[in-house]
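# Summary of the model geometry
Spelled out from the first residue to the last, the chains are:
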Amino acid sequence: MANQTRSQLNVRVSHETLKKLDEIVEFYQENTKLGKVYKGDVLADIIDKSYEVMTKQKLNKRPHLS
């Protein structure tokens, strides 16, 4: 991520959602060897993984030509 252009995203989430994000960040921190883990990086990872899943699902829904 060092060479990527970054944009700031300001969002409002519920307190419960923020607590969940904090727990996920803590999980990443404990289970990765990346050093300090930031909320933005965790959100980016979650979005990237969700996007991959969505893309695969879209490909599976395409009509198959016989």
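I will try to describe carefully the structure that is included in this document.

About the cut-offs
- Residues numbered from 1 in each chain as written.
- Predicted model: local features only at pLDDT ≥ 70, side-chain atom pairs only at ≥ 80, totals over all residues.
- Heavy atoms only, no water.
- Helix = DSSP H or I, 4+ residues; strand = E, 2+ residues; numbered from the N terminus.
- Rg over C-alpha atoms; globule rule 2.2 N^0.38 Å.
- Buried < 20%, exposed > 50% of the residue type's maximum accessible area, 1.4 Å probe, protein only.
- Areas by Shrake-Rupley, 256 points an atom, 1.4 Å probe, with all protein chains shown as cover.
- Lys, Arg positive; Asp, Glu negative; His and termini not counted.
- Charge placed at Lys NZ, Arg CZ, Asp CG, Glu CD.
- Salt bridge = Lys/Arg side-chain N within 4 Å of Asp/Glu carboxyl O.
- Core = buried A, V, L, I, M, F, W, Y, C linked by side-chain atoms within 4.5 Å.
- Contact = heavy atoms within 4.5 Å.

## Some points on the overall build of the protein
Scanning the protein from N- to C-terminus turns up two helices and zero strands. A globule of 66 residues ought to have a C-alpha radius of gyration of about 11 Å, yet the protein, at 16 Å, is considerably larger. Taking the principal axes of its C-alpha atoms as reference, the protein extends roughly 50 × 30 × 25 Å. Per-residue burial over the protein gives 8% buried out of 66 residues. For the protein, the exposed surface amounts to about 6,700 Å²; the carbon and sulfur share of it is 55%. Of the charged side chains in the protein, 12 are positive and 9 negative, and the gap between their average positions amounts to 7 Å.

## Quick look at the pattern of salt bridges
Under the defined criterion, the tally for this structure stands at four salt bridges. One salt bridge connects aspartate 45 with lysine 49, and the closest N-O pair in it is separated by 3.1 Å. With aspartate 45 and lysine 49 both in helix α2 (residues 39–61) and four residues apart, the pair spans about one turn of that helix. We classify aspartate 45 as partly exposed; its relative accessible area is 23%.

## Observations regarding the nonpolar core
Residues Leu21, Val25, Tyr28, Val37 and Val42 constitute the largest nonpolar core, which totals five residues. Setting aside chain neighbours within four positions, we find valine 42 in contact with Leu21, Ile24, Val25, Tyr28 and Val37.

## Concerning the environment of valine 42
For valine 42, the location among the structural elements is in helix α2. Residue class for valine 42 comes out buried when judged on its relative accessible area of 1%. When the C-alpha atoms of valine 42 and glutamate 26 are compared, they prove to be 10.0 Å apart, with 16 residues separating the residues in sequence.

Just geometry here; none of it tells us what the structure is for.
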